[in-house]
Amino acid sequence: MSQLSVLLPLTGLFFLISSTFGSESSVAFPVSCVTRGADLMEDGLVVLCPPDCTQGRVSVFGTSIYASISSVCGAAVHRGVLGPSGGSVRVNKLHGRQNYMSSFAHGIQSQVLSRWTASFSLTKPVSVPLELTSETTATALPVAAKPAKKLKKPSVKKALKGGNKDCQMDIAMVIDSSKNIGQRRFNLQKNLISKLAAMLRVGPTGPHVGLIQASDSPRTEFLLTNYTQPKELQFAIKELAYLGGDTNTGKAIMHAAETFFSQENGARRGHPRVMMVLVDGWPSDDLEQAAMLARESGINVFLVSVARPAAEELAMVRDKDFMKKAVCKDNGFFSYLITSWFSTTKHVKPLAQKLCSLDSLLCSKTCYNSVNIGFLIDGSSSVGHSNFQLVLDFLEGIATSFDISDVGARVGAVQFTYDQRLEFGLFDHSDKDETMNALQRIPYMSGGTATGAAISYATQNLFRRMGPGRNFLIVVTDGQSYDDVRLPAIAAQKEGITMYSVGVAWAPIDDLKSMSSEPKDSHTFFTREFTGLAEFIPLLVRGICRDFTENN
């Protein structure tokens, strides 16, 4: 048989894979559990699903025939084409339809959808597909004397270019669906939030948006991960049905605070949580208790009041200070007034800017997602390889307590002897797993001990100027420094760095206290044995959070 060759992209490289005329073999493209039918460009594409796509939340809409916004791998498990261990499946594109039915099958609950613009079905590949793995590349053909023909290159379309990376918020929109607003103004409200969704530029690595309707009882229309492309989100908003009933905004805020931002419902760990509440006129119920729960849960509540009550209507308003009580903080930033539903377009951009203002989201700033922690690690000869590993385990225990992400807490490390070495900076690793791996890969230096010079080095090379009380330096040392530590420590603290000293074995208490911030006793730790370091982990984490809270 004649041989064909095809160049296939995989992780930025190109591999030459062999095939033959007349063969039923195909190429299976690796995808993730959240890859949707809409993300695939070609009909009949065979994809390779990873295992455990029943774990966590995958969005599936329909039964047998699935809306294209469904997870391909989740739908394959739901259909019974694949099991929990994953595997290959062929995705057949179909036209859109109405009334996608829900059902529970093989551990996955699919959802109802009134209609969608495209669909897909799933079948098992006719033959065992050729999977793009490192083993596959070993069967690459030698270059033939005669030029090989090229097949049309299959491709997997990635989700919309990530979205707005400067606005990585999880946003719950609570809209007014009461009898007060009426159908006409309800449609104008949908137009406003549709334009806002376009301005926010949702995406996998940008903002995620979900929506709840406030009426007699709150109704969740879609969750944060259901729609991750602007056009799909705008279509879902367009399809919202008017409910009527009372303006029970407090119930809706309570509902969102209690359930909406759970990781099971798609909230991302370490990402700021925002709730934008739209009210036509005034609410029917009390907002204070619900708003208090939202604040305590780290949710930044914005209240957008449209068509405020006129002077003659104030007597009917249950709580005239409802705006002040509802928002994250009554400082003017979290409240927004719009005079009429007929003039909302000019408000889209300023609203989007507010929702994406990371440094102004006061309610989401906790010590766990806002601090920058630098580790200054003694790599001198007296420590030794086995004890150095105990130090790394100790530091990993501290770091793992925080929500490390590109919008959350940050960790960096410097090792020192007489010299200093930046192991990794605060902005080198953007998630917890990468940071933990980087900590454990630090190689032991061995040498003398110059702690003072190391403090100066960390001050200049590790930290950037960021809000008060956010920068922390934890020094771990086992002996006497050959240089002065007091003046470098004072200089670091003047730069806004809070210092903790952790001494082991022969580290002098006086030196440790000279380095520590005030009060000295709560910022200084000492143990005779390296095995005792683990006991300090909860004390240090609590100390950092106490300092952060006092300064913010």
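The sections below set out a description of the structure shown in this document. Quantities reported herein were computed from a predicted structural model and do not represent experimental measurements.

Some remarks on the sheet that holds strand 17 (residues 335–338)
Sheet strands associate in pairs through backbone hydrogen bonding, adopting either a parallel or an antiparallel arrangement.
Next, step 1: Reading across from one edge, 14-13-12-15-16-17 is the order of the 6 strands in this open sheet, with mixed pairing throughout. A strand with exactly one partner marks an edge of an open sheet, and here the two such strands are strand 14 (219–222) and strand 17. Neighbour-to-neighbour, the strand axes of this sheet turn through a mean angle of 20°, independent of strand direction.
Next, step 2: The strands touched by helix 8 (residues 348–355) are strand 12 (170–176), strand 15 (273–280), strand 16 (299–306) and strand 17; relative to strand 17, the strand with the most contacts, the crossing angle is about 170°.

Observations concerning the sheet that holds strand 20 (residues 420–424)
Next, step 1: Spatial strand order, 20-19-18-21-22-23: 6 strands in an open sheet with mixed pairing. Strand pairing shows two members of the sheet lacking a second neighbour, strand 20 and strand 23 (524–527), which therefore form its edges. For this sheet the average axis-to-axis angle between neighbouring strands, irrespective of direction, equals 20°.
Next, step 2: Sheet topology note: the strand 18 (residues 372–378)/strand 21 (residues 471–477) ladder contains 6 bridges and is parallel. By the bridge assignment, F375 is partnered in strand 21 with I474.

Brief notes about the side chain of T344
Next, step 1: Relative to the helices and strands, T344 is located in the loop between strand 17 and helix 8.
Next, step 2: Exposure remark for T344: the relative accessible area of 5% places this residue in the buried category.

Considering the pattern of salt bridges
Pairing of side chains with opposite charge becomes possible as their charged atoms draw close.
Next, step 1: According to the stated counting rule, one finds 11 salt bridges in the structure shown.
Next, step 2: Salt-bridge contacts for K513 lead to D521; the nearest nitrogen and oxygen are separated by 3.4 Å.
Next, step 3: Through salt bridges that share partners, R36, D39 and E232 make up one connected network.

As for the packing of helix 3 (residues 182–200) against helix 8
Next, step 1: Running from N to C, helix 3 and helix 8 point in directions that differ by 55°, and their axes come no closer than 9 Å. Between helix 3 and helix 8, the interaxial angle falls into the category oblique. In this structure, helix 3 meets helix 8 at a crossing whose hand is right-handed. Of the residues in helix 8, those touching helix 3 at L192, K195, L196, M199 and L200 are V348, K349, L351, A352 and L355.

What to know about the pairing of strand 10 (residues 113–123)
Next, step 1: Note that strand 6 (residues 65–67) and strand 10 share 2 bridges and pair antiparallel. Bridging across to strand 10, A67 finds its partner in S119.

Details of the environment of M169
Next, step 1: The topology assignment puts M169 in the loop between helix 2 (134–137) and strand 12.
Next, step 2: Relative accessible area serves as the criterion here: at 1%, M169 is assigned to the buried category.
Next, step 3: When sequence neighbours within four positions are dropped, the list of residues in contact with M169 reads G206, P207, H208, R268, P272, V274, L355, C356, L358 and L361.

Considering the nonpolar core
Next, step 1: Within the largest apolar cluster, 74 residues are counted, with the highest numbers of intra-cluster contacts made by M173, L196, L200, M275 and M276.
Next, step 2: Residues A413, M436, Y500 and F536 belong to the second largest nonpolar core, which totals 41 residues.

Notes on helix 11 (residues 432–440)
Next, step 1: Residues of helix 11 that are buried include every one of K432, T435, M436, A438 and L439, and no others. Looking straight down helix 11, one finds that the buried residues subtend no more than 160° of arc, so they occupy a single side.
Next, step 2: Next to the buried residues of helix 11 lie strand 18, helix 10 (385–399), strand 19 (410–416) and strand 20.
Next, step 3: Residue D431 occupies the N-cap position of helix 11, its side-chain oxygen lying 3.1 Å from the main-chain nitrogen of D433.

Overview of the state of the cysteines
Next, step 1: Per the counting criterion, the structure on display carries 5 disulfides.
Next, step 2: Note that C33 is cross-linked by a disulfide to C53, the S-S spacing being 2.0 Å. On the S-S bond that ties C33 to C53, the torsion sits near -90°, and the link is left-handed. With C33 in the loop between strand 3 (27–30) and strand 4 (45–49) and C53 in the loop between strand 4 and strand 5 (62–63), this pair connects stretches of sequence that are 20 residues apart. There is no split in this pair, since C33 and C53 are both buried.
Next, step 3: Here C367 pairs with C545 through a disulfide, and the sulfurs are 1.8 Å apart. Residues C367 and C545 are joined by a disulfide whose S-S torsion is about 60°; by sign, that bridge is right-handed. In this pair, C367 sits in helix 9 (residues 367–370) while C545 sits in helix 15 (residues 537–551), placing the two residues 178 residues apart along the sequence.
Next, step 4: Residue class for C367 comes out buried when judged on its relative accessible area of 6%.
Next, step 5: Each bonded cysteine in the protein chain gets a number by its place in the sequence, and the pairs come out as 1-3, 2-4, 5-7, 6-8, 9-10.

Overview of helix 10
Next, step 1: With 15 residues, helix 10 ought to run about 21 Å at 1.5 Å a step, and its terminal C-alpha atoms sit 21 Å apart, in line with that.
Next, step 2: Among the residues of helix 10, those classed as buried are F388, V391, L392, F394, L395, G397, I398 and A399.
Next, step 3: Looking at the buried side of helix 10, the elements it contacts are strand 18, strand 19, helix 11, strand 21, strand 22 (497–504) and helix 15.

So, how was this worked out
In this convention, every chain numbers its residues from 1, walking through the sequence in written order. Per-residue local features of the predicted model are confined to residues with pLDDT of at least 70, and side-chain atom pairs are confined, for both listing and counting, to 80 or more; whole-chain, interface and lining totals are unaffected and use all residues. As a rule here, side-chain values cover all heavy atoms of the structure and leave hydrogens and water aside. Criterion used throughout: strands pair if DSSP finds at least two bridges between them. Counting from the N terminus, the helices are DSSP H or I runs at least four residues long and the strands are E runs at least two residues long. Every axis corresponds to a line fitted to the C-alpha atoms, with the helix fit spanning only the stretch in contact, and the corresponding angles, defined between N-to-C directions, vary from 0 to 180 degrees. Whether two residues are in contact is decided by their heavy atoms: any pair within 4.5 Å suffices. Each residue's exposure class comes from its accessible area (1.4 Å probe, protein chains only) as a fraction of the maximum for that residue type: buried when under 20%, exposed when over 50%, partly exposed otherwise. The working definition used for a salt bridge is a side-chain nitrogen of Lys or Arg within 4 Å of a carboxyl oxygen of Asp or Glu. Here is the rule for angles: anything less than 35 degrees is roughly parallel, anything more than 145 is roughly antiparallel, 65 through 115 is roughly perpendicular, and the remaining ranges are oblique. Left-handed describes a crossing whose near helix is turned anticlockwise from the far helix by less than a right angle; the clockwise case is right-handed. Definition of nonpolar core: a set of buried residues of the types Ala, Val, Leu, Ile, Met, Phe, Trp, Tyr and Cys, connected through side-chain atoms within 4.5 Å. The directions considered for the arc run from the helix axis to the C-beta atoms. Under this definition, polar contacts are N or O atom pairs within 3.5 Å; protein pairs additionally need one hydrogen-donor-capable and one acceptor-capable atom, and for neighbouring residues in sequence, both atoms have to be side-chain atoms. A pair of cysteine sulfur atoms is labelled a disulfide when the two atoms are within 2.5 Å. Between the first and last residue of a helix there are one fewer steps than residues, each counted as 1.5 Å, and that sum is the expected span.

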